[in-house]
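Listed here are the chains, written in short residue letters.
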Amino acid sequence: MMNASQVYIAISLIVLAIIAILVIFTSKKKRQKQPSKLAMFAFLLVISGIVFGDNRLIGYSLIGAGVLLAIIDIIRKRKNK
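Cut-offs used in this document
Residues numbered from 1 in each chain as written. Predicted model: local features only at pLDDT ≥ 70, side-chain atom pairs only at ≥ 80, totals over all residues. Heavy atoms only, no water. Helix = DSSP H or I, 4+ residues; strand = E, 2+ residues; numbered from the N terminus. Buried < 20%, exposed > 50% of the residue type's maximum accessible area, 1.4 Å probe, protein only. Areas by Shrake-Rupley, 256 points an atom, 1.4 Å probe, with all protein chains shown as cover. Core = buried A, V, L, I, M, F, W, Y, C linked by side-chain atoms within 4.5 Å. Contact = heavy atoms within 4.5 Å. Expected span 1.5 Å × (residues − 1). Salt bridge = Lys/Arg side-chain N within 4 Å of Asp/Glu carboxyl O.

The next subject is the overall build of the chain. A count of helices and strands for the chain gives three helices and zero strands. Along the chain, helices and strands appear, N-terminal first, in the series α-α-α. Relative to its 81 residues, the chain shows a buried fraction of 20%. Taken as a whole, the chain presents about 6,700 Å² of accessible surface, with 69% of it coming from carbon and sulfur.

Listed below in structure tokens is the structure:
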């Protein structure tokens, strides 16, 4: 059984994912140079890690995953040029 804080975390992650999906689909209409989807997801993970920083394991894991994805995105962009 999940306690109240776990339910809050799960709901917050779902809401953040929905917001990210909406941003991705609405940003396709613009011609400006936008961050890649991987970079946006990395940013979302870092923000989630900051928000859920009271639990160190979850917070640091999310921040670490976000930083790792950002590094992977940077490497992929350099190889394409």
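Let's shift gears to the nonpolar core. Considering soluble globular proteins, one finds that nonpolar side chains tend to be buried as a cluster. Residues Ile9, Ala42, Leu45, Phe52, Leu62 and Leu69 constitute the largest nonpolar core, which totals six residues. Not counting residues within four places of it along the chain, the set of residues in contact with Ile9 comprises Phe52 and Ile58.

Right, let's get into helix H1 (residues 4-26). In this model, H1 (23 residues) spans 33 Å end to end at C-alpha, consistent with the 33 Å of a helix rising 1.5 Å per residue. Of the residues making up H1, those classed as buried are Ile9, Ser12 and Ile24. Against helix H2 (37-51) and helix H3 (56-80) lie the buried residues of H1.

Under the counting rule described, the total for this entry stands at one salt bridge. Asp73 is paired through a salt bridge with Lys77; the nearest N and O atoms lie 3.9 Å apart. Placement of both Asp73 and Lys77 in helix H3 is noted, with a separation of four residues, approximately one turn of the helix. Assessed through its relative accessible area of 8%, Asp73 is described here as buried.

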